[in-house]
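# Close look at the chain arrangement
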Amino acid sequence: MSSPATEFLQRLLPVAGAAGFRHRSYGKADGTDLVVLERSGRAGAPHLYLSAGIHGDEPAGPEAICRLLEQPHHLPDFRWTLFPLLNPAGYNLGTRENAAGLDLNRDYRSPLAPETIAHRSVLENLGPLDLVIALHEDWESRGFYLYELNAAGLDGMAEKVLSAAACEGPIDLDSEIDGRPAANGVVHAPIDRFDDRQDWPEQILLFRTRTRLCYTFETPSTLPLEVRIRQHLAACRSAFDLMESRSHQPPSSPDRTR
């Protein structure tokens, strides 16, 4: 009998192929391939990174990636790197952690889990990323929210993403989310304290080594799965649209008055 993770990939990979993505395995976990999906874009196009399923009990992210690939006209002609299911063992078990009880999203600074070690080996060869998005769920949240790591000087994406997600479900407007100050659904991680942490998540590693623009989208696990998927879809598409519009803008002219 095939596992839930294997069945998911059997649904996903033909869809990805039809959308122009090639796939390759970079390891195995719980008898299931660890898969990365890649697609080239037009010359000079942004390189976008999207991941999901690092926590096995958060199925909305993997399903959202599958839906995105089912409608490739929503995907701009960028270079894409997608990790649709980072934790197949957790997905099979319905647990946050992998089969050994490790939270993969706390294992990126000095990795111990085979899944994280294999993932990092791929990341080391990616080169710069223009936008990183990780899809998550939060069982404590009352609505969609996001973490923003932004050193790129690109304003407005968080607001656009939240506005799009709000069309599909509630936004978490609490002044504190996950123990951190929040404002209108946006949580800013303490960048100046990253070196104090030993339990780096995927996003901190990527922000430190590959990108200057990094988002974690969180949907509330208490909402129906379909609502969570639609919030992720709306949030992702709004971010893609903004990157697409900015990629076609001419460089700003130098200030000749100085």
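Up top is the structure these notes are about.
An account of the accompanying structure is given in this report.

### Quick look at the sheet that holds strand β8 (residues 180-183)
- The strand order β1-β2-β4-β3-β5-β10-β6-β9-β8-β7 describes an open sheet built from 10 strands, whose pairing is mixed. The open sheet terminates on both sides in strands that have one partner only, identified here as β1 (22-29) and β7 (176-177).
- Sheet topology places β1 next to strand β2 (residues 32-39); 7 bridges connect them, and they run antiparallel. Along β2, the bridge assignment pairs lysine 28 with aspartate 33.
- Along the sheet face, helix α1 (residues 4-18) touches β1 and β2 and points at about 20° away from the line of β2.

### Looking at the pattern of salt bridges
- Counted under the stated rule, the structure contains 14 salt bridges.
- With a shortest N-O distance of 3.5 Å, arginine 42 and glutamate 244 are connected by a salt bridge. With arginine 42 in the loop between β2 and β3 (47-52) and glutamate 244 in helix α7 (residues 225-247), this pair connects stretches of sequence that are 202 residues apart.
- What makes arginine 42 partly exposed here is its relative accessible area of 26%.

Cut-off values and rules
Residues numbered from 1 in each chain as written. Predicted model: local features only at pLDDT ≥ 70, side-chain atom pairs only at ≥ 80, totals over all residues. Heavy atoms only, no water. Pairing = 2+ DSSP bridges. Helix = DSSP H or I, 4+ residues; strand = E, 2+ residues; numbered from the N terminus. Contact = heavy atoms within 4.5 Å. Axes fitted to C-alpha atoms, helices over the stretch in contact; angles between N-to-C directions. Salt bridge = Lys/Arg side-chain N within 4 Å of Asp/Glu carboxyl O. Buried < 20%, exposed > 50% of the residue type's maximum accessible area, 1.4 Å probe, protein only.

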